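As a plain string of letters, each chain reads:
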There are 2 protein chains.
Amino acid sequence: MEVRVSWHEGMRFVGIGPSKHAVVMDTDAVGGEGTGPRPVELMLMALGGCTAMDIVAILKKMRTPPQRFEVLVQAERAAEHPKAVRKVHLTYRAWGVPMENLERAAQLSQERYCSVSHSLSAELSFSVEVRD
Amino acid sequence: MEVRVSWHEGMRFVGIGPSKHAVVMDTDAVGGEGTGPRPVELMLMALGGCTAMDIVAILKKMRTPPQRFEVLVQAERAAEHPKAVRKVHLTYRAWGVPMENLERAAQLSQERYCSVSHSLSAELSFSVEVRD
């Protein structure tokens, strides 16, 4: 897979990949104007989106699609440069599904399917919450 | 840092982080409509954006800002699930800067500054190109 990231101005950059959907990135630091998400934020969104897609697809296959679904991605970063993400906790929150199905889907995603999880060096953990 | 990714419909998800810039993610697979970048694509954009910000900031500090700058991010993924990204090659391409400054900036980003590079498990390599 190939992605191209081009500089626009200040600290604003635009990424384009195979799907042809452009994504703006920016920062508030080093002269940026904060016109888009920061790269580390985008990486955490990619992690959340990857595993969330697994969970929703698996819950649908189990014939227990959620009424609503979200995942919180909480990252701990090193204090010193390069401030790598060391630990990430994922909280899977689903509405109207059996707890055991959500647990099983979360395990399958983390152990077998999620490409982004398996491309990160951070220590990952997760918990699940079911709501009515 | 905390990010929330919420399911909308189909395989469309929206991520929100501290910068408050929403990012859509989608896929063409498992019932998705391809309305946004895929998570792995977004992760590679995050990598490219992170290191590109370093490079432009460092070149500015060296008083040799580029006329134009882009980075190509080429990733090799495992064939089997979870299809992790195993190798990434970054090609830094700058217009109107001394080659040695671009090389030095690329080294500094990869060795010391780029948070996303240091948060990935993939083997990273890079090359530099200067154009007039």
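Just so it is clear, the model here is predicted, and its values are computed rather than measured. (Residues numbered from 1 in each chain as written. Chains lettered and ligands numbered in written order. Predicted model: local features only at pLDDT ≥ 70, side-chain atom pairs only at ≥ 80, totals over all residues. Heavy atoms only, no water.)

### Some thoughts on the domain arrangement of chain A
Residue and element names in this part refer to chain A. If you check the domain split of chain A, you get domain 1 (1-37) and domain 2 (39-131). Counting residues at the interface gives 4 residues for domain 1, matched by 4 residues for domain 2. Across the interface of domain 1 and domain 2, roughly 320 Å² is buried in total on both sides, 84% from carbon and sulfur atoms. When the area that domain 1 buries against domain 2 is broken down by residue, the three leading residues are Val23, Met25 and Pro37, summing to 92%. The interface formed by domain 1 and domain 2 includes 0 salt bridges. (Domains from an automatic or database assignment. Contact = heavy atoms within 4.5 Å. Buried area = accessible area lost by both parts, 1.4 Å probe. Salt bridge = Lys/Arg side-chain N within 4 Å of Asp/Glu carboxyl O.)

### Observations concerning the sheet that holds strand β6 (residues 123-131) of chain A
The mixed open sheet is built from 6 strands, whose spatial order is β6(A)-β5(A)-β4(A)-β1(B)-β2(B)-β3(B). The two strands at the open ends of the sheet, each matched to only one other strand, are β6 of chain A together with β3 (23-25) of chain B. The mean inter-strand angle of the sheet, taken between neighbouring strand axes irrespective of direction, is 20 degrees. Where strand β2 (residues 12-16) of chain B meets β3(B), 3 bridges bridge the pair, whose relative direction is antiparallel. Across the sheet, B:Val14 pairs through a bridge with B:Val24, a residue of β3(B). Taken strand by strand, helix α2 (residues 99-113) of chain A contacts β4 (68-77), β5 (85-95) and β6 of chain A, and its axis lies near 160 degrees from that of β6(A). (Pairing = 2+ DSSP bridges. Helix = DSSP H or I, 4+ residues; strand = E, 2+ residues; numbered from the N terminus. Axes fitted to C-alpha atoms, helices over the stretch in contact; angles between N-to-C directions.)

### Some details on the relation of the copies chain A and chain B
Rotating chain A by 180 degrees and moving it 0.0 Å along the rotation axis overlays it on chain B with an RMSD of 0.0 Å. Considering both components of the superposition, the chain copies are consistent with a two-fold axis. Taken as a fraction of all interface residues of chain A, those also at the interface in chain B reach 100%, which identifies the copy contact as same-surface. (Least-squares fit on C-alpha atoms with pLDDT ≥ 70 in both.)

### Regarding the pattern of salt bridges
Pairing between side chains of opposite charge can happen when their charged atoms approach one another. Scanning all chains against the criterion turns up 16 salt bridges over all chains. A salt bridge links A:Arg93 to A:Glu129; the shortest N-O distance between them is 2.8 Å. On the criterion of sequence distance, the pair formed by A:Arg93 in strand β5 and A:Glu129 in strand β6 is long-range, its members being 36 residues apart. Here B:Asp26 and B:Arg12 are joined by a salt bridge, their closest N and O atoms 4.0 Å apart. One end of the pair, B:Asp26, is in the loop between β3 and α1 (39-61); the other, B:Arg12, is in strand β2, with 14 residues separating them in the sequence. In this structure, B:Asp26 and B:Arg12 share a single accessibility class: buried. Linked through salt bridges whose partners overlap, the residues forming this network are A:Arg4, B:Arg68, B:Glu70, B:Arg93, B:Glu129 and B:Arg131. (Buried < 20%, exposed > 50% of the residue type's maximum accessible area, 1.4 Å probe, protein only.)

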